[in-house]
Amino acid sequence: MQHAITISTPIDFHLHIRSGRMLKTVLPHTANEYGAALIMPNLKPPVTSIGQAEAFKKEIMQALPEDTAFTPLMSLYFTRNLTSQTIREASASGIIKAVKLYPAGATTNSDSGVNDYEGIRGTLETMAETGMPLLVHGEVTDKAVDVFDREARFIEDILEPVRRQVPGLKVVMEHITTKEAVQYVLAADETLAATITAHHLLLNRNAMFQGGMNPHHYCLPILKRERHREALVKAATSGSKKFFLGSDSAPHPKGEKECACGCAGIYTAYSSLCLYAEVFEKENALDRLEGFAGFHGADFYGIPRNKGTVTLVKEETIIPDSFTFGEDVVVPFRSGGTVGWRVAG
Ligand code: DOR
Ligand code: ZN
C-alpha cells in the first residue's frame, strides 16, 4: 500500500467561491491544495464583463496572503448579449480563460443564461476563431424532460448540433454525470473535453435519500445511477487526456441548503483533492492522479503546467462539521466524517 504520493501542484478547473465573507472562508481551502483554479462567474450579478472579472480577481487576490502561489483563472458568464467584440477583448486580455454557458434556468444563478442557440452563433464562431473555450452546464431545461435525463438530452439536442455548426469550437462539458456523456466525449475529436467532480465519482443517487432526505447531497446535474458513477470512475482513472479535475465545489449557507426548496451545490473544497485520491487509490490508479488533476486540463487550455508539487499522505483525517462566515456557516461534504488522505505541510 502506498503511504504518500507527490504530484505536480494540481489545478481545479471548475470552482465556485462566491464573493464577500463566503469567499474569505472558502478560498483558503482551495488555495491550500491547488496552485490555480478556474473561477465560475455565476455571482449575483453575474460576471459578464472584463472589468467585472478584473474586480473579482482583485477581491480574490486580496483575500490571499501576499506571497501566495495561487492563481485564479477567470471566466465570463455567457448571456444573450455577449458580443464577438467582448470575446476578442477577453481573448487579448490574458485574464479570461473561458466563457461559461448556463442554459437559462438550469441551476443556481442561471437566470441570465442562454435559451436561443441560433442567436449566439456569431459569438460562438468568434470563440472558435480566437480559441476561447466554451464551458457548458450541459442540461436541457425543458420541464417535460426528467431531471435524470437532462444531460443526455442536452448532448443530443444542443451540444452536438452546436459543435457541428461551429467546427473548431473548444468545449468543456462541465461536471459530467452520465455514461452517455463519457461516451460522447471519448468519441469526439480533441476540441471536446470534460471535467468530473469528486462527488459524482463517490456517490450515486441513493446518497440523496440515505437515512432520510439529505440536502447536502443535492447538486446539479443531479447524482445519477450506480452504472453512471462507474462509467465516470473508469473515465477519470483511465489516463485519457479528455477528462480532468473540476470539483464544482459550490458553497451555500447552511440555512439555504437545509430548508424547503434548498439550493443545489455540494461544498467539497475543504478536502476535494483528498477525495479524488480516495477514488484513484481504490482503482489502483494513483499514478494517474497527477495527469487528471493538472496536466490534462492545462494542456487543453494551453496554460502552463504548475511547477510546484503537493504531497498527499494516506491518513484518515477528520472533516469539520462546518465553517463559519459572518453569522452563518457552510457545511462541507462528509461533515463530521473522515477522508482517507491529507495534504502534507
Ligand atoms: O450544484 C450546483 N451548484 N450546480 C451548479 O451548476 C451551480 C452550483 C452553484 O453555483 O451553487
Ligand atoms: Zn458549477
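Look above for the structure.
Scoring rules and cut-offs
- Residues numbered from 1 in each chain as written.
- Chains lettered and ligands numbered in written order.
- Predicted model: local features only at pLDDT ≥ 70, side-chain atom pairs only at ≥ 80, totals over all residues.
- Heavy atoms only, no water.
- Helix = DSSP H or I, 4+ residues; strand = E, 2+ residues; numbered from the N terminus.
- Buried < 20%, exposed > 50% of the residue type's maximum accessible area, 1.4 Å probe, protein only.
- Polar contact = N/O pair within 3.5 Å; in protein donor to acceptor, adjacent residues only side chain to side chain.
- Contact = heavy atoms within 4.5 Å.
- Pairing = 2+ DSSP bridges.
- Axes fitted to C-alpha atoms, helices over the stretch in contact; angles between N-to-C directions.
- Near = heavy atom within 4 Å.
- Areas by Shrake-Rupley, 256 points an atom, 1.4 Å probe, with all protein chains shown as cover.
- Nonpolar A, V, L, I, M, F, W, Y, C, P; charged D, E, K, R; others polar.
- Patch = residues over 30% accessible without salt bridge, like charges linked within 9 Å, V, L, I, M, F, W, Y side chains within 5 Å.
- Salt bridge = Lys/Arg side-chain N within 4 Å of Asp/Glu carboxyl O.
- Lys, Arg positive; Asp, Glu negative; His and termini not counted.
- Charge placed at Lys NZ, Arg CZ, Asp CG, Glu CD.
- Right-handed = clockwise from strand over helix to strand, strands pointing away.

Caption draft 1: Layout of the side chain of T191. Structurally, the position occupied by T191 is in the loop between α6 (179-187) and β8 (192-196). Since its relative accessible area comes to 11%, T191 is described here as buried. Within polar-contact distance, the side chain of T191 engages the side chain of R163 at 3.3 Å. Setting aside anything within four residues of it in sequence, one finds T191 in contact with R163, G168, L169, K170, V171 and F300.

Caption draft 2: View of the sheet that holds strand β6 (residues 134-136). The parallel open sheet is built from eight strands, whose spatial order is β2-β3-β4-β5-β6-β7-β8-β9. The open sheet has two edge strands with one neighbour each: β2 (11-15) and β9 (243-245). Here the strands of the sheet are splayed against their neighbours by 30° on average, with no regard to which way each runs. Looking at chain direction, β6 and strand β7 (residues 171-173) are connected through three bridges and run parallel. Following the sheet pairing, V136 is matched in β7 by M173. Here helix α2 (residues 50-62) sits on the sheet in contact with β3 (36-39), β4 (71-77) and β5 (96-101), set at roughly 150° to β4.

Caption draft 3: Expanded view of the site of ligand 1. Of all residues adjacent to ligand 1, which total 13 residues, the nearest are R18, N42, T107, L220 and H252. R18 places a polar side-chain atom, nitrogen or oxygen, 2.7 Å from an oxygen atom of ligand 1. Calculation on ligand 1 without its partners gives an accessible area of 290 Å², and the protein chains cover 100% of this total. Residue composition of the shell around ligand 1, grouped by class: four nonpolar, seven polar and two charged.

Caption draft 4: Looking closely at unusual backbone geometry. In this chain, K44 is followed by P45 through a cis amide linkage whose omega measures -5°. With respect to the helices and strands, P45 occurs in the loop between β3 and α2. A cis amide bond, omega -5°, links L220 with the succeeding residue P221. Phi at N284 takes a positive value of approximately 55°, unusual for a residue other than glycine. The topology assignment puts N284 in the loop between α10 (272-282) and α11 (289-301). Phi angles above zero are rare outside glycine, and R334 is one such case at about 60°.

Caption draft 5: Quick look at a negative patch on the surface. Taken together, the side chains of D146, D149, E156 and E180 make up a negatively charged region of the molecular surface. Residue placement: D146 occurs in the loop between β6 and α5 (150-165). A residue is classified by how much of its surface remains accessible, and D146, at 42% relative accessible area, is partly exposed.

Caption draft 6: Representation of the pairing of β4 in the model. The element β4 is largely enclosed, with a buried count of six among its seven residues. Here β3 runs beside β4; their pairing, made up of four bridges, is parallel. Paired with A37 across the bridge in β4 is P72. Handedness of the crossover joining β3 and β4 through α2: right-handed. Pairing analysis gives four bridges linking β4 to β5, with the strands arranged parallel. Bridge pairing links S75 to A98 in β5. Since β4 and β5 lie parallel, the crossover through helix α3 (residues 84-93) that links them has a hand, and here it is right-handed.

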